[in-house]
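Structural characterization, general
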Amino acid sequence: MDKVENQSKAMQLTQEQQDEHWMRLALELAAEAESQGEVPVGAVLVKDGELIASGFNYCIGLKDPSAHAEMQCLREAGQVLQNYRLLDTTLYVTLEPCAMCAGAMVHSRIARLVFGARDEKTGAAGTVVNLVQHPAFNHQLAVTAGVMEAVCSEQLSQFFRRRRKEQKALKKAAKAS
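Residues numbered from 1 in each chain as written. Predicted model: local features only at pLDDT ≥ 70, side-chain atom pairs only at ≥ 80, totals over all residues. Heavy atoms only, no water.

If you look the protein chain up in an unreviewed UniProt entry, it shows as tRNA-specific adenosine deaminase from Shewanella salipaludis. According to its UniProt record, the protein chain has this under Catalytic activity (unreviewed entry): "adenosine(34) in tRNA + H2O + H(+) = inosine(34) in tRNA + NH4(+)". Under the Subunit (unreviewed entry) heading, UniProt states for the protein chain: "Homodimer." (UniProt positions renumbered as here; feature names shortened; annotations may be inferred.)

Before going further, it helps to examine helix α2 (residues 15-35). Spanning 21 residues, α2 covers 30 Å between terminal C-alpha atoms, matching the ideal 30 Å at 1.5 Å per step. For α2, the complete set of buried residues consists of Gln18, Asp19, Trp22, Met23, Ala26, Leu27, Leu29, Ala30 and Ala33. At the exit of α2 stands Gly37, carrying a positive phi of roughly 80 degrees. (Helix = DSSP H or I, 4+ residues; strand = E, 2+ residues; numbered from the N terminus. Expected span 1.5 Å × (residues − 1). Buried < 20%, exposed > 50% of the residue type's maximum accessible area, 1.4 Å probe, protein only.)

All right, on to the packing of helix α4 (residues 69-81) against helix α5 (residues 99-108) then. Look at α4 against α5: their axes get within 9 Å of each other, and the N-to-C directions meet at 25 degrees. Classified by the angle their axes make, α4 and α5 are roughly parallel. Crossing of α4 over α5 shows left-handed handedness. Between α4 and α5, the residues in contact are Glu70, Met71 and Leu74 and Met100, Cys101, Ala104, Met105 and Ser108, respectively. (Axes fitted to C-alpha atoms, helices over the stretch in contact; angles between N-to-C directions. Parallel < 35°, antiparallel > 145°, perpendicular 65-115°, else oblique. Left-handed = near helix turned anticlockwise from the far one by under 90°. Contact = heavy atoms within 4.5 Å.)

On to the UniProt feature "binding site: Zn(2+)" (unreviewed entry) in the protein chain, then. Under the UniProt annotation, "binding site: Zn(2+)" (unreviewed entry) lies at His68, Cys98 and Cys101. Judged by maximum C-alpha separation, these annotated positions cover 34 residues in sequence but sit close together in space, the widest gap being only 9.3 Å. Summarising the element assignment, His68 is placed in the loop between α3 (59-62) and α4. With residues up to four places along the chain from it excluded, the contact list for His68 reads Phe56, Asn57, Cys59, Cys98, Met100 and Cys101. Given a relative accessible area of 15%, Cys98 falls into the buried group. Beyond its immediate chain neighbours, meaning those up to four positions away, Cys98 contacts His68, Thr122 and Ala124.

With that settled, consider the packing of α2 against helix α6 (residues 149-176). Two elements in contact, α2 and α6, have axes separated by 11 Å at closest approach and are oriented at 10 degrees. Considering the angle they form, α2 stands roughly parallel to α6. Across from Met23, Leu27, Ala30, Ala31 and Glu34 in α2, the residues of α6 making contact are Val151, Cys152, Gln155, Phe159 and Arg162. Of the residues belonging to the contact of α2 with α6, the class tally is seven nonpolar, one polar and two charged. (Nonpolar A, V, L, I, M, F, W, Y, C, P; charged D, E, K, R; others polar.)

With that out of the way, let us pick up the UniProt feature "domain: CMP/dCMP-type deaminase" (unreviewed entry) in the protein chain. Residues annotated by UniProt as "domain: CMP/dCMP-type deaminase" (unreviewed entry) correspond here to residues 17-129. Taken end to end, residues 17-129 comprises 41% helix and 22% strand; its first and last C-alpha atoms sit 28 Å apart.

Turning our eyes to something else, we now look at the side chain of Ser108. Within the secondary structure, Ser108 is located in helix α5. Reaching out from Ser108, the side chain makes a polar contact with the backbone oxygen of Met105 at a distance of 3.1 Å. (Polar contact = N/O pair within 3.5 Å; in protein donor to acceptor, adjacent residues only side chain to side chain.)

Take the pairing of strand β4 (residues 112-117) next. Most of β4 is tucked away, with six of its six residues classed as buried. Here strand β3 (residues 90-95) runs beside β4; their pairing, made up of five bridges, is parallel. Paired with Leu91 across the two strands is Leu113, which belongs to β4. Running through α5, the crossover from β3 to the neighbouring parallel element β4 is right-handed. Bridge count for β4 against strand β5 (residues 142-145) is four bridges, and the pairing is parallel. Following the sheet pairing, Leu113 is matched in β5 by Val143. (Pairing = 2+ DSSP bridges. Right-handed = clockwise from strand over helix to strand, strands pointing away.)

Here it is in structure tokens:
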């Protein structure tokens, strides 16, 4: 399917349907992160109904604390668009961004943020703080929260349940030896 067909097909969907379409892709990327031992978070950047860039958490693999899904996606988008300003784009991410990622979104001038699961500990798009819409900043993003929230939350919850179970088994094995 060519670019024109993709765009016309995207235009036929409601905003809610488009949001769910792109969030499903972000969830697939989150699964890829998990398959590599990373916290399962995925992100995609879209402009005019077209995928521009994607990313998933890769902090452990790259030994880089800034290699969050959003940062990976923004870096790729800058290269694709040949600009550090990502104007008229929408970022879809499975987990509410942290302060670092929220700041990068403001600086890159993303128009809209769509996220799935809320982050009760470090969410910087309204749950703990709201950096993406802070009135003192020179740019604010439109935010749509909770898209496919249950699915996004469950993906993360399952990962952390499994991780805790593995850690418990390792501690038990260490005590036994």
